[in-house]
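Fold and geometry: a report
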Amino acid sequence: MRSDFVSCSMEIKTCPNCHASYDGNFCPACGQRFIPSPFTFRVISSFALDLVDFNRGFFNTLFHLLVKPGELIHGYLNGKTRPFNNPVRFLFTLITLMAILDLVRSGTEELKVLYIMPGLMVLAILTALFNYIAFSNQRTLAEHTIIATYFAAGLFIVLTFIMFLFLAAESWAMAPYSDAWSASVSISASFIFLFWFNLAVFPGRKLAIVVKTLLYIAFLVVVLLLTVWLVKMLWV
């Protein structure tokens, strides 16, 4: 249950953001939430509860992304945004939490989780552009950007889970696994998540969606090869 620290009285308040007069918990002019002054620990704790509230927020978004991605995407794009984190906030919250876990595990070592972040941002942009072309009659570019950001977040969860799984296995077996083995597992899991996500999110014939997904993979491979070629050319 979400904690509600705001006042429910009908007293007239002045919005500190736009200076409009209003009663209730939110300014009708700009949407600013009423926060009593001075700040208290109850106010601070309510911010934390916003994050972990299963009925509205991070964990609800996490659950739907991993279990019911179609319901999450269609609900959010059809205006049912209140139960979920917006995709950008969700992705950055996810990266922050995973970075904290990585820091606790590795101590003062480098945060390997953060290495994935730039790639995820580029992946979201490329995914949005490709899907806008492949499914152009269904959603706008902005909507495909939302879908792609949620997809990037889900992929980040999959890759991070596999990374920690291999680290746990190495710790238990007292021997490192080969990079080729871990890479093959990560790529396979990524492809499985990609096909499952697209089939759950995009309407239409399943065969057509599978073909477009294969074209998307080919598109990413071409972009990767071109990027490697350009880097080599510039490096020389």
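Residues numbered from 1 in each chain as written. Predicted model: local features only at pLDDT ≥ 70, side-chain atom pairs only at ≥ 80, totals over all residues. Heavy atoms only, no water.

**With respect to the overall build of the protein**
When helices and strands are tallied, the protein shows eight helices and two strands. Order of helices (α) and strands (β) in the protein, N terminus to C terminus: β-β-α-α-α-α-α-α-α-α. A fraction of 55% describes how many contacts in the protein between residues 6 or more apart in sequence connect residues 24 or more apart. When the accessible area of the protein is evaluated, it comes to approximately 14400 Å², of which 71% is carbon and sulfur surface. (Helix = DSSP H or I, 4+ residues; strand = E, 2+ residues; numbered from the N terminus. Contact = heavy atoms within 4.5 Å. Areas by Shrake-Rupley, 256 points an atom, 1.4 Å probe, with all protein chains shown as cover.)

**Quick look at the packing of aromatic side chains**
Throughout the structure, instances matching the rule amount to 10 aromatic pairs. Here F58 and F90 contribute two aromatic rings whose centre-to-centre distance is 5.3 Å and whose plane-to-plane angle is 35°, an arrangement assigned as tilted. Here the residue F58 occupies a position in helix α2 (residues 58–67), and F90 occupies one in helix α4 (residues 87–106), the gap between them amounting to 32 residues. We classify F58 as buried; its relative accessible area is 4%. Taken together, a centroid distance of 4.0 Å and an interplanar angle of 0° make the contact between F135 and F202 stacked. Note that F135 is positioned in the loop between α5 (116–134) and α6 (141–173) and F202 in the loop between α7 (179–201) and α8 (206–235), a separation of 67 residues in sequence. Judged by relative accessible area, F135 falls into the buried class, the value being 2%. (Phe/Tyr/Trp six-rings, centres within 6.5 Å; stacked < 30°, edge-to-face > 60°. Buried < 20%, exposed > 50% of the residue type's maximum accessible area, 1.4 Å probe, protein only.)

**Section: the nonpolar core**
One finds L65, F90, L94, F151 and F197 to be the most contacted residues of the largest nonpolar core, which totals 39 residues. Contributions of two or more residues to this core are made by α2, α3 (69–77), α4, α5, α6, α7 and α8. No other element matches α6, which puts 11 residues into this core. Once residues within four sequence positions are removed from consideration, F151 is found in contact with L123, T127, F193, L194, F197 and Y216. (Core = buried A, V, L, I, M, F, W, Y, C linked by side-chain atoms within 4.5 Å.)

**What to know about a nonpolar patch on the surface**
A surface patch of nonpolar side chains, amounting to about 490 Å² of accessible area, comprises I125, L129, Y132, I133 and L141. Residue contributions to the nonpolar patch peak at four residues, all from α5. Mapped onto the secondary structure, I125 falls in helix α5. (Patch = residues over 30% accessible without salt bridge, like charges linked within 9 Å, V, L, I, M, F, W, Y side chains within 5 Å. Salt bridge = Lys/Arg side-chain N within 4 Å of Asp/Glu carboxyl O.)

**Side note on the pattern of salt bridges**
All chains considered together, the criterion is met by one salt bridge. E143 serves as the salt-bridge partner of R139, at 3.7 Å between the closest nitrogen and oxygen. Judged by its relative accessible area of 18%, R139 is buried.

**Digging into the environment of L120**
Position of L120 relative to the elements: it lies in helix α5. Along the sequence, L120 and A152 sit 32 residues apart, while their C-alpha atoms lie 5.8 Å from each other. The residues touching L120, leaving out its near neighbours within four places in the chain, are L91, A152 and F156.

**Section: the confidence of the model for the protein**
Of all residues in the protein, 77% attain a pLDDT of 70 or more, and the chain-wide mean is 79. Ranking the helices and strands of the protein by mean pLDDT puts α3 first, with 92, and helix α1 (residues 41–52) last, with 59. Overall, residues 1–9 carries pLDDT values under 50, and its contacts beyond four positions in sequence, including any with other chains, amount to 25 contacts. (pLDDT = per-residue confidence, 0-100.)

**Describing the packing of α2 against α3**
Between two packed helices, what matters for the description is the angle formed by their axes and the separation of those axes. Interaxial distance between α2 and α3 falls to 5 Å at its minimum, and their mutual angle equals 120°. On the basis of their axis angle, the class for α2 and α3 is oblique. Across the interface between the two elements, T61, H64, L65 and V67 of α2 pack against P69, E71 and L72 of α3. Its residues assigned to classes, the contact of α2 with α3 comprises four nonpolar, two polar and one charged. (Axes fitted to C-alpha atoms, helices over the stretch in contact; angles between N-to-C directions. Parallel < 35°, antiparallel > 145°, perpendicular 65-115°, else oblique. Nonpolar A, V, L, I, M, F, W, Y, C, P; charged D, E, K, R; others polar.)

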